Amino acid sequence: MKAPPLLSIMAGFALWSVLFLLLYGVQAAGCHLAGGEAAAMAGPYPALRWTLVVLAALGTSAVMLLSWKKRTTRPDPSKVDDLTDFTREVSRYVWLGAAVATPFTFIGVISLTLCGT
Amino acid sequence: MRENSGLQPSPIARHKAFEKVWGTPPGWARLAAVNHNIVGKRFMLTALVFFTIGGLLAMLIRTQLASSESAFMDAEQYAQVFTMHGTVMMFLFAIPFFEGGAMYLLPKLLGTRDLAFPRMSAYGYWCYLFGGTILIAALIGGVAPDSGWFMYTPLSSNIFSPGINSDVWLLGITFVEISALSAAIEIIVSILKLRAAGMSLDKMPILAWYMLVVATMMLVGFPPLILGSVLLEVERAFGLPFFDPTRGGDPLLWQHLFWLFGHPEVYIIFLPAAGAISTILPVFAGTPLAGYRIIIAALVSMAFLSFGLWVHHMYTVGIPQVALSFFSAASAMVAVPTAIQIFAWLATISHGHPRFSIPMLHIFGFFFVFVIGGLTGVMLAMVPFDWQAHDTHFVVAHLHYVLVGGFVFPMLAAAYYWLPHISGRQPVQHLSKAAFWMVFIGFNVTFFMMHLTGLRGMPRRVFEYPAESGWETLNFISSMGSFVMTMGFALIALDFILLFRFGRRYHRNPWKAGTLEWAMPTPPPSYNFASLPSVEHRADLLDPDRLGPALAAGEGYLGMPRNGRMELLAVDIASGRPDHVVRLPRQTFLPFATAVATGSFFLALLFKVYWMAPLALALVTALFLLWTGDTAEKEDLEDLDIGHGLALPPHMQAPYPPAWWAMLLALVADATAFISLLFGALFLWISAPNWPPAEVSAVDPLPALVAATALVISAWTGHRAVQVAPDAARLLLLNMVCQLVAVAIFGWLLLLVWPQAQAHGAGASIFVVIAFATLHNSIGVVLASFGLFRISKGYVSRKRLLDLRIGQLWHGYSAAVGLTALAFPILLVALVGETSR
């Protein structure tokens, strides 16, 4: 089934947004459950760090895979009208942007302080 | 009136026939105006009046700061002046001005006769005017808001602002934002559904893409601000402690809700201006816009990224480093899609043969100023630099470079470009260049100095500074620059007056543009096009000089009015294929009356006459219901002839008419507010001090189960009613009863929760979530009753299902809200228990 053009154009960064909210939420809730203010002083929290790293890695992989798929999938030339061509090209740019933005946004989970300021 | 077939009348006869239907009579009838030409111009003119007020306030600020230890104003007066300067410029000038511009231009660019919901445009305008008037009246009365334009708690809370000042902001701005949300829905639906035949998405003019993105951002950007304002007003009026840290609230919740709106707001203001540049610049470069498709991709990317960087206003509040890195990265990355647009504009200039007319001079001003603002923005996006410059005049300089560079200069370019369209006259240009240079030089002298005072440590919002601070000379230069800039704006105003009075008349399309707004007489008639165009190429590469006469001669669609109806064409969203005929409502006083009633609701809250608020709300509901009669039909209609051998159904018989999309979009905005509310409650659980609460109780299972069952049945009956209509009276009656049961149980729960709501943020969150559901199911009762009324009067048939389909959307959504509200206390109690453990 073909997605409507506007949804197809938005999909790349919509996925980035979902990942953004997910990682921010997990980090905040994780620090709170680990002990709130006191957690900042207490330790490295490997479970929370690994959860965030795995989520960031999976998210990045998904965005990159879908972006790559978008670039390489070639529709039947006989069925490509102007609108289809337009939608494909614009959504390809957006997916490319999301593929660059995702690792850049979440790279900090590897080493930055999780619960302290 | 004759049908639109047979012998063709002359263009004059056609004009008279259309004007009789679409025109607005003079005198008191102007209060009944709904036409987009009139409402759009009213928005822009009113916004310019507010711009003048905001500018005068800025002059007072610069007079105060010109010398050290100035006695010109005291601290309280200064606080009101700088708060109102920011508030007026952001909420009463920038947004309404581009809304007005979009209302005026979009139907023309899209090749249609009006916006999708003209009465909502008019209602939005009156709300804007009345809300803005409340704020200005408060300023004159000496009780204007004084907590800064972003109203940080606890400064704006009762304890530090016990007067009416903060209430004026919270209620006045919420009143004004009704117009922003209605405009957002109006713009999206109009762009998606009311384009010229054949104008597929890939053929839309670039400004329509910009406005589509901006309106979508407004749709999800404004609800968090409205929610935050409601919560703060509820705290101030009734003591529910969302922002009071001593009772489980958190001042940072306000910052999150405000900036969740406030940062996208910057792009909401910038993008329409950028859209104007993308439209104007290719005309003066004499070549098509370079990178049309990648610009659209950049716009979409920018819209998403702009919602992921609100915390960059909060770097110093103590957020963990890893979270800061997310927002810092997004803040830096948003420069990329911005740069893509700038490089596309440079490429367009380099491909063409630019004419350096007045609009281009202002575009040059934009390039210079906005690029500097963008670069300081990237500096501030970096956490360590922001820690040094936070809350200094460096930030004031940055935001003015971005907003004046990103909005005011392009706006002036747009004004010089489109004023000939509005006035039918071309600029005389004797003063234009001098005025530009005065604004440009004055602006840079004013605000460049603030970078330096900021880097020297001058904090923003101080009303005086010591002579030995070393800031005085720079501040004096800055103030001198501001007076030069003001004189420049005064010259521009004079230039515009001269244009209207002495400008040269022209025949058509003075700039040789390729967009549809020039394919009509200027000033434009109320109906824009005597017949509606069909588009085969991208809609900014057309030939208005050829199209205009052909459309005036009736060679397009819907070339004559039918039965005194205001008709236009709706198309398939993606392909632009003609889909149905939209019949717009006629001129009416109802938007004005409804806005007056809405204003009385806000005034009742402002002056704490709480018994009057429900009465005003009932009046608003009753008046809105009166809106529904105009286009209703008691019989199924045959497909309507639109010309060129085509016939289409009227909108009330179409599967997805504009009203259906509007309800869907309204639900998106509403869901954003509800999700923000849930986010706020969970944020308090995570972040607020003095948690867990001494007492927080879940809902009793039995009434909760009854309410949940009633909600599920209401959603099902709402859905089923559409399938069996018009024999749906019993189902709608059951729907109404179920929602009444849910409302009654929610009301009972609210009474139970009330003591906890005043005691702690947890109880307050539960109270407001349930109150949200109560309101929605109450509206559901009204919609179910309305459905019953429409069936009983014969307005519903198997073909005419629109009323029930709109109700179906609402009933499903309000059931989901109600079920979430029932589950929310259980979740919160579990989370509180987990933390306690």
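If you're wondering where the values come from, they're calculated on a predicted model, not measured in any experiment. Here the residue numbers are simple positions, counted from 1 along each chain's written sequence. Whichever chain is written first becomes A and whichever ligand is written first becomes 1, with later ones labelled in order. At least 70 in pLDDT is required for a residue's local features to be given in this predicted model, at least 80 for side-chain atom pairs to be given and counted, and no such filter applies to totals for whole chains, interfaces and linings, which use all residues.

## Some remarks on the overall build of chain B
Under the DSSP-based scheme used, a helix requires at least four consecutive residues in state H or I and a strand at least two consecutive residues in state E, with every element numbered from the N terminus. In terms of helices and strands, chain B carries 23 helices and six strands. Atoms considered for the radius of gyration are the C-alpha atoms alone. The globule rule reads 2.2 Å times the number of residues to the power 0.38. Against the compact-globule benchmark of 28 Å for 837 residues, chain B has a radius of gyration of 27 Å, which places it among compact chains. Dimensions along the principal axes, computed over C-alpha positions, put chain B at roughly 80 × 75 × 45 Å. With C-beta atoms placed from the backbone, a residue is buried if 20 or more other C-beta atoms are within 10 Å of its own, exposed if 12 or fewer are, and partly exposed between those counts. When burial is assessed residue by residue, chain B has 57% of its 837 residues classed as buried. Placing C-beta atoms from the backbone, we regard two residues as in contact once those atoms come within 7 Å. Once local pairs closer than 6 in sequence are excluded, the contacts in chain B between residues at least 24 apart make up 83%.

## Some details on the overall build of chain A
Across its full length, chain A carries four helices and zero strands. In chain A, the succession of α and β elements from N to C terminus is α-α-α-α. Residues counted as buried form 32% of the 117 residues belonging to chain A. Here the contacts in chain A between residues at least 6 apart in sequence split such that 87% fall between residues at least 24 apart.

## Some thoughts on the interface of chain A and chain B
At the junction of the two partners, chain A supplies 35 residues and chain B supplies 26 residues. Put simply, the parts of the chain that give the side of chain A that touches chain B at least two residues each are α1 (5-34) and α4 (82-106) of chain A. Looking at which element gives the most residues to the side of chain A that touches chain B, the answer is α1(A), with 14 residues. Partitioned by chemical class, the residues of the side of chain A that touches chain B number 24 nonpolar, nine polar and two charged. Amino acids are sorted into nonpolar (Ala, Val, Leu, Ile, Met, Phe, Trp, Tyr, Cys and Pro), charged (Asp, Glu, Lys and Arg) and polar (every other residue, Gly among them).

## Things to note about the environment of Thr105(A)
Tracing the sequence through the fold places Thr105(A) in helix α4. Judged by the 27 C-beta atoms lying within 10 Å of it, Thr105(A) is buried. Measuring from C-alpha to C-alpha, the distance between Thr105(A) and Val54(A) comes to 14 Å, with 51 residues separating the pair along the chain. Thr105(A) has contacts with Phe20(A), Phe326(B), Ala329(B) and Ala330(B), leaving out every residue within four places of it along the chain.

## Re the nonpolar core
Residue and element names in this part refer to chain B. By definition, a nonpolar core groups buried Ala, Val, Leu, Ile, Met, Phe, Trp, Tyr and Cys residues that connect through C-beta atoms lying within 7 Å of each other. Residues Leu 106, Ile 188, Met 211, Leu 299 and Val 300 are the most contacted members of the largest nonpolar core, which totals 313 residues. When residues in this core are grouped by element, the largest group, 23 residues, is from helix α7 (residues 251-285). Where each domain begins and ends follows an automated or database-derived domain assignment. The two domains that each donate at least three residues to this core are domain 1 (36-505) and domain 2 (655-836). When residues no more than four places from it in sequence are discounted, the contact partners of Ile 188 are Leu 212, Ala 215, Thr 216, Leu 219 and Leu 665.

## Considering helix α9 (residues 321-333) of chain B
The span expected for a helix works out to 1.5 Å for each residue beyond the first. Its 13 residues give α9(B) an end-to-end C-alpha distance of 18 Å, which sits within 8% of 18 Å, the value for a rise of 1.5 Å per residue. Along α9(B), 11 of the 13 residues are buried, which leaves the element largely enclosed by surrounding structure. For α9(B), the set of buried residues is Val322(B), Ala323(B), Leu324(B), Ser325(B), Phe326(B), Phe327(B), Ser328(B), Ala329(B), Ala330(B), Ser331(B) and Met333(B). The inward-facing, buried residues of α9(B) abut α1 and α4 of chain A together with α8 (292-306), α10 (335-351), α11 (358-381) and α12 (383-389) of chain B.

## Points about the environment of Arg62(B)
All names here are of chain B. Relative to the elements of secondary structure, Arg 62 occurs in helix α2 (residues 36-65). For the pair formed by Arg 62 and Ser 478, sequence separation is 416 residues and the distance between their alpha carbons is 7.7 Å. In this structure, Arg 62 is in contact with Ser 478, Ser 479 and Ser 482, ignoring residues within four places of it in sequence.

## Regarding unusual backbone geometry
Residues and elements named next belong to chain B. Omega for the peptide link from Thr 153 to Pro 154 comes to 5 degrees, which places this bond in the cis form. Looking at where Pro 154 falls in the secondary structure, it is placed in the loop between α4 (118-140) and α5 (165-193). Looking along the chain, the bond that leaves Trp 691 and enters Pro 692 is cis, with omega of 0 degrees. For Leu 558, which is not glycine, the phi dihedral falls at a positive 50 degrees. Within the secondary structure, Leu 558 sits in the loop between α16 (544-552) and β3 (566-571). On the basis of neighbour counts, which here come to 25 C-beta atoms within 10 Å, the residue Leu 558 falls in the buried class.

## Some details on the domain arrangement of chain B
All names here are of chain B. Considered domain by domain, chain B is made up of domain 1 (36-505) and domain 2 (655-836). On a C-alpha basis, the centroid separation for the pair domain 1 and domain 2 is 35 Å. Taken residue by residue, the interface counts 30 residues in domain 1 and 29 residues in domain 2. Sorting the residues of the side of domain 1 that touches domain 2 by element identifies α5, α6 (206-238) and α7 as the ones contributing at least two each. With seven residues, the top contributor of residues to the side of domain 1 that touches domain 2 is α6. Here the side of domain 1 that touches domain 2 is composed, by residue class, of 22 nonpolar, five polar and three charged.

## Description of the pairing of strand β5 (residues 640-643) of chain B
All names here are of chain B. Pairing between two strands is assigned when DSSP locates at least 2 bridges connecting them. One ladder, built from three bridges, connects β5 with strand β6 (residues 646-648); its direction is antiparallel. Within β6, the position partnered with Leu 640 by the bridge is Leu 648. The antiparallel hairpin formed by β5 and β6 contains two residues in its connecting segment, where His 644 sits at a positive phi of about 55 degrees.

## A few points about the confidence of the model for chain B
All names here are of chain B. For chain B, the mean per-residue pLDDT works out to 94, and 99% of the residues sit at or above 70. In predicted models, pLDDT denotes the confidence assigned by the predictor to each residue on a 0 to 100 scale. For the stretch residues 1-6, pLDDT sits under 50, and the model shows 15 contacts to residues farther than four places along the chain or on other chains. Scored as a whole, the predicted complex attains pTM 0.95, and scored at its interfaces, ipTM 0.95.

## Observations regarding the packing of helix α13 (residues 393-423) of chain B against helix α14 (residues 432-455) of chain B
All names here are of chain B. Note on geometry: axes are lines fitted to C-alpha atoms, helical ones only across the stretch in contact, with angles between N-to-C directions running from 0 to 180 degrees. Contact geometry for α13 and α14: axes closest at 7 Å, N-to-C directions at 165 degrees. Classified by the angle between their axes, α13 and α14 sit roughly antiparallel to one another. The interaxial crossing formed by α13 with α14 has left-handed handedness. Judged by residue contacts, His 393, Phe 394, Val 395, Val 396, Ala 397, His 400, Tyr 401, Val 404 and Tyr 416 of α13 engage Ser 432, Phe 443, Phe 447, Met 450, His 451, Thr 453, Gly 454 and Leu 455 from α14. By definition in this entry, angles of less than 35 degrees are roughly parallel, angles greater than 145 are roughly antiparallel, angles of 65 to 115 are roughly perpendicular, and the rest are oblique. By the definition used in this description, the sense in which the near helix is turned from the far one sets the handedness, with an anticlockwise turn below a right angle giving left-handed and a clockwise turn giving right-handed.

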